[in-house]
Amino acid sequence: MTDAIVVEGLVKRFGATTALDGVDLTVTEGSVLGLLGPNGAGKTTVVRILTTLLLADAGRAEVVGLDVVRDADAVRASIGLTGQYAAVDEYLTGFENLEMVGRLYHLRKGEARSRAGELLERFDLSDAADRPAKTYSGGMRRRLDIAASLINRPRVLFLDEPTTGLDPRSRLAMWEFIAELADGGTTILLTTQYLEEADRLADRMVVIDRGKVIARGTGDELKAQVGGQRLEFTLARAVDIVEATKRLRPLAVDEPRSDEQSRRLSLPVRGGTEVLAEALRRLEGSGVEVLDVGLRRPDLDDVFLTLTGHAAEEAGDVDDETREPDRTTTGREPAPTAGSTR
Amino acid sequence: MTTLAMAVSDSLTITRRNLIKVKRVPDLIVFATLSPIMFVLLFRYVFGSAIPVPGGLSYAEFLLPGIFAQTVIFGSTITGASLAEDLQKGLIDRFRSLPMARSAVLVGRTVADLGLNVLTIAVMMITGLLVGWRIHTSVGEAILGVLLLLVFAYAMSWVMALVGLLVRTPEVVNNASFIVIFPITFIANTFVPIDNFPPVLKTFAEWNPVSAVVQGARELFGNVVPGTPPPESWALQNPVLYVFIWVVGFLVIFVPLSVRTYRRTASR
């Protein structure tokens, strides 16, 4: 199979900050790559270089066999881009937005209009087609934005944090749309902060941090690298952490982590729900009061803690990805807890 | 499609998009025309009684071409503010990721703003006729007068396009251009005759292209008294030619510079 995207040794600096420090990656034609990393890791910078918006300082990148600098126009004709926030014209209606983009892809008028109608239908926006996009909800704008990037039936689609800021229902709907596109054979490069999202949609993942690739592989390979499951306790009293750690340590396959302030104790374990039962048995009669316990699969935080030694949220220091004002309030959501007792 | 046909078609698409906004946000037009009407009325009736005009011309006749010039020049700031807004909202990113002509976003913007200026001038001319301003020349000359104003404003739009792409915040574009445009439209023959200006200001006013735009418009509308002594500077003796030189200069410098900046710009 051929590669739809090839990136070699990409370097990008913004003033004194190095946003990308030699990134290599490839995306097989027809597959979905999840580009994972915290705010400021360089995900958006990679997307911007691949979509011809930004010039790299070193390295090279090809999309559908075309150099993104030398053949920029040909690249633009074969890609679709949905940026971090919905780039729709709020004064135009949904239909007008899509028609305009179609015309700018140089579709004939009739074709642009029929394609616009088709995509509005497909993204459940037909009812809102003649309303200015100003009146759309966040989820609707995002859908309109993705629809716009599909006007030209792109061979490669770039989705930069397509679900950031969406409520859970819109997020699920968005996942379905993306999965459908992938099934249709579109090559997709998807950036996300959510391991769960990448897990669901991506065939392969690349994790970047501070402009460097720190891990790559399938979701399972990454999780294996991170070390499987974790048992997480929230205790009623911080003083109990010592006693609980003492009793539970034999079950852990690696060093337990604890945090006094949140009264949390976290143990890397193997063995599924039996371990959970065993752990609870060991705490019986100890006087340790457990508020909450759960068996968790690793999430992006764990990937980061394991691979870099720092948490995902603290990682961002490059300012190129912190534009979205509501970003901090949307926050991260933990991955679903497998076999959780919560 | 040839490159040129593509550029024209893309520019038209963008112009249409910008004009739809004008249609959807009528406040835009209301305020774009209300403030010049206010200026016409204030200057005509408040200053009009106190400002003597050479040759016994009525102040309304003297004033209106000046107000026209100031207003269309202020109209050009919309170009900068709108581009800054498009940058902020990520629309420029979308456009830059499309296989469209690199000049189209800027051409479409400046052309739409030119359209807005045509409308503004029409409203002001009607207001002017109501308060005593008259055209004393042929239709052809009057049309040339309007064109002179519009062409200069269009060239200013390209200056503002660059400002908008560099400054990136619509409010800042507005404030910054106010600081520049207010003085250049006041240190000129816009509202008062320049003969009694202090020497330095007088020289500035004589060579200020805004003065030449106003002088040219006055001559083309016939708002000068025949037989008044000719202005002292070459610029004001040959206002249309002088304005033309500035327009060509602005376009030659700022069209390529703005397009180049657009190609490299990226929202942050």
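Anything mentioned here points back to the structure above.
Summarised in this report is the structure supplied together with it. (Residues numbered from 1 in each chain as written. Chains lettered and ligands numbered in written order. Predicted model: local features only at pLDDT ≥ 70, side-chain atom pairs only at ≥ 80, totals over all residues.)

1. Section: the overall build of chain A
Just so we agree on the cut-off: Secondary structure elements are taken from DSSP: a helix is a run of H or I of four residues or more, a strand is a run of E of two residues or more, and numbering for both begins at the N terminus. Remark: C-beta atoms are placed from the backbone, and a residue is labelled buried if 20 or more other C-beta atoms sit within 10 Å of its own, exposed if 12 or fewer do, or partly exposed between those counts. By definition, residue pairs are in contact when their C-beta atoms, positioned from the backbone, come within 7 Å.
Across its full length, chain A holds 12 helices and 14 strands. When each of the 342 residues of chain A is scored for burial, the buried share is 46%. Summarising the internal contacts of chain A: among those between residues at least 6 apart in sequence, 70% fall at separations of at least 24.

2. A look at the interface of chain A and chain B
Rules: Only Asp, Glu, Lys and Arg are considered charged, only Ala, Val, Leu, Ile, Met, Phe, Trp, Tyr, Cys and Pro nonpolar, and every remaining residue, Gly among them, polar.
Between chain A and chain B, the residue contacts involve 25 residues of the former and 21 residues of the latter. Only α2 (72–78) and α3 (94–104) of chain A provide two or more residues apiece to the side of chain A that touches chain B. Per-element tally for the side of chain A that touches chain B: the top contributor is α3(A), with 5 residues. Looking at side-chain class alone, the side of chain A that touches chain B contains 13 nonpolar, 4 polar and 8 charged residues.

3. Some details on the environment of A:L235
In this fold, A:L235 is placed in strand β11 (residues 229–235). Those residues within four positions of A:L235 in sequence are excluded, and the remaining contacts are A:D240, A:I241, A:A244, A:R263, A:L265, A:V288, A:E289, A:V290 and A:L291.

4. Some words on the sheet that holds strand β8 (residues 187–192) of chain A
Whether parallel or antiparallel, the strands of a sheet pair through hydrogen bonds between backbone atoms. Residues and elements named next belong to chain A. The line we're drawing: Pairs of strands are assigned from DSSP output, requiring at least two bridges between the strands. Lines fitted to C-alpha atoms define the axes here, with helix axes fitted over just the stretch in contact, and angles between the N-to-C directions of these axes take values from 0 to 180 degrees.
Pairing within the open sheet is mixed, and its 6 strands lie in the order β6-β7-β8-β3-β9-β10. Since the sheet does not close on itself, it has two edges, and those belong to β6 (79–82) and β10 (212–217), each with one partner. When strand polarity is set aside, the average angle formed by the axes of neighbouring strands in this sheet is 15°. Sheet strands touched by helix α5 (residues 138–150): β6 and β7 (156–160). Its angle to β6, the strand with the most contacts, is close to 165°.

5. Some points on the nonpolar core
Selection criterion: A set of buried Ala, Val, Leu, Ile, Met, Phe, Trp, Tyr and Cys residues, joined to one another through C-beta atoms within 7 Å, is what we call a nonpolar core.
Counting 94 residues, the largest nonpolar core has B:L149 and B:V213 as the members making the most contacts within it. Per element, the largest residue contribution to this core is 15 residues, and it comes from helix α7 (residues 139–167) of chain B. With near-sequence residues (within four places) excluded, B:V213 lies in contact with B:A69, B:L148, B:L149, B:F152 and B:V243. Among the nonpolar cores identified, the runner-up in size contains 50 residues, and A:I5, A:L10, A:A19 and A:L222 belong to it.

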